[in-house]
Structures are given as structure tokens and as C-alpha cells.
Amino acid sequence: MNKLLLGAVGLSAVLASCGGVSVDDTRGIRSEYQLATDVRDQSTGATLSAGTYVICDNTNTDVELNVSWLAGTQAINLVASGQYYGEGRSLATYDVSGTPGGNAALLFTIGAYTAPLKVKPQAIIVTPVTNVDIKGYTRLGVRTVDSQGNAGTVQYSSYVFPVVDCI
């Protein structure tokens, strides 16, 4: 019994040294831009409510993700994946080396024209007058990098950002 317990403790120590990360959606995911009014997606007929956080395709957008990471994590990569048609890419890195693990709201900047869109051409009509073009939808996630440079599995948020041109 004691050997089994020691083996489990040893395995936990090895796993912890590799790092790991998760997104905490219960604390919210935010960007610096929000829809001012309800809008309708002409392509799907879905309504996006006022206050929906968006990524601006034509300018830098700061986003905040609440994440938890394990000891052994050197860096956390922000990863974006388009909702419909395929590509994904690493957008930014947050250095957490020297920490024993923890949780925090990490701020990342997504550069203009860098959010993968998995483009689904469409437009939305903003009540009452303005037409706004939805470029696509992007889901954000994070993955860890350990001290040997090994990247972990991407953990995605359940929130999907509409990507629009902002005025």
C-alpha cells in the first residue's frame, strides 16, 4: 500500500513539473470592445446582444482570459482558432516562469488582422441604421510551455468572439 502511495505521489510530482493550464470561463472572458446595441447576423438570423465582447479585426484588441496554471509552467501561449473553417495560430505569450503555479486574469493583445477567422462571409445589421460586417468568429484558448520548451494541449474557452471591423 505504501509503495503504491509513493508511486502516485512521484507521478504527481512528475506531472506537475511539466506544467498545465486551464481557462476559467466562470470568471468571464473580456475584450476592450463591446457591441453598443443588439445586432442581427444576416447570415444566421441570430441576435448578438448589446454588451457582447468582440475582437476588432482592423485594430489591436486587448483580451483578458482568466487562467490557472500548474508549477513547471514557463509560459502561457494565447491560441486562437476560427469557429468555422479551420486555421488556428498562436498569437501571444505570457511569461509565468518562476511562479509555483497559480491563477490570474492575463491580458493579451491581438494584433490587427491576426485573429483567425475561418471566414464565413456575412453581414449584420445594427439597429437602427449602421451596417457592420462580421468577418468571422474566433475562439481563444491557452497552452503551456514547460522549461524544456514542450507545448501542452490547447485548452479553449467556451466563449466565441465575433470578429468585426471597428470604427
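The structure presented is a predicted model; accordingly, all values stated were derived computationally and were not measured. (Residues numbered from 1 in each chain as written. Predicted model: local features only at pLDDT ≥ 70, side-chain atom pairs only at ≥ 80, totals over all residues. Heavy atoms only, no water.)

Overview of the sheet that holds strand β9 (residues 88–95)
- Read from one edge to the other, the open sheet built from six strands follows the order β3-β6-β14-β13-β8-β9, with strand pairing classed as mixed. Each edge of the sheet is formed by a strand with only one pairing partner; in this case those strands are β3 (33–34) and β9. (Pairing = 2+ DSSP bridges. Helix = DSSP H or I, 4+ residues; strand = E, 2+ residues; numbered from the N terminus.)

Looking at the nonpolar core
- If you look at the biggest cluster of nonpolar residues, it comprises 21 residues, and the most contacted ones within it are Leu65, Val67, Ile76, Leu78 and Leu140.
- Only β1 (21–23), β7 (61–70), β8 (73–82), β10 (101–110), β13 (134–146) and β14 (155–164) provide two or more residues apiece to this core.
- With near-sequence residues (within four places) excluded, leucine 140 lies in contact with Ile29, Val63, Leu65, Leu78, Val79, Ala80, Ile110, Tyr156, Ser157, Tyr159 and Phe161. (Core = buried A, V, L, I, M, F, W, Y, C linked by side-chain atoms within 4.5 Å. Buried < 20%, exposed > 50% of the residue type's maximum accessible area, 1.4 Å probe, protein only. Contact = heavy atoms within 4.5 Å.)

Things to note about the side chain of aspartate 146
- Along the chain, aspartate 146 turns up in strand β13.
- Look at aspartate 146: it is buried, it has no salt bridge, and the nearest opposite charge is arginine 143 at 11 Å.
- From its side chain, aspartate 146 meets the backbone nitrogen of glutamine 148 in a polar contact 2.9 Å long. (Lys, Arg positive; Asp, Glu negative; His and termini not counted. Salt bridge = Lys/Arg side-chain N within 4 Å of Asp/Glu carboxyl O. Polar contact = N/O pair within 3.5 Å; in protein donor to acceptor, adjacent residues only side chain to side chain.)

Some words on the packing of aromatic side chains
- Under the criterion given, the structure shown has two aromatic pairs.
- Between tyrosine 94 and phenylalanine 108, the aromatic rings sit 6.0 Å apart at their centres with planes inclined by 65°, giving edge-to-face as the arrangement. Taken together, the residues span a long stretch of sequence, with tyrosine 94 in strand β9 and phenylalanine 108 in strand β10 at a distance of 14 residues.
- Geometrically, the ring pair formed by tyrosine 159 and phenylalanine 161 is edge-to-face, given 4.8 Å between the ring centres and 75° between the ring planes.
- By relative accessible area, which is 22% here, tyrosine 159 ends up partly exposed. (Phe/Tyr/Trp six-rings, centres within 6.5 Å; stacked < 30°, edge-to-face > 60°.)

Quick notes on the pairing of β7
- As defined by bridge partners, β1 adjoins β7 across three bridges and the pair is classed as antiparallel. By the bridge assignment, serine 22 is partnered in β7 with serine 68.
- With three bridges joining them, strand β2 (residues 29–31) and β7 adopt antiparallel strand pairing. Following the sheet pairing, isoleucine 29 is matched in β7 by leucine 65.

Describing the environment of serine 49
- Along the chain, the position of serine 49 falls in the loop between β5 (47–48) and β6 (53–56).
- Separated by 13 residues in the primary sequence, serine 49 and alanine 36 have C-alpha atoms spaced 8.6 Å apart.
- Setting aside residues no more than four positions away along its own chain, serine 49 makes contact with Leu35, Thr37 and Asp38.

Section: the environment of threonine 37
- With respect to the helices and strands, the residue threonine 37 is situated in the loop between β3 and β4 (39–41).
- Considering only alpha carbons, one finds threonine 37 and alanine 50, 13 residues apart in sequence, at a separation of 4.3 Å.

Section: the confidence of the model for the protein chain
- Looking at the protein chain, the pLDDT average stands at 74 and 74% of residues meet or exceed 70.
- Within the model, pLDDT remains below 50 along residues 118–131, and this stretch shows 45 contacts once partners closer than five positions in the same chain are excluded. (pLDDT = per-residue confidence, 0-100.)

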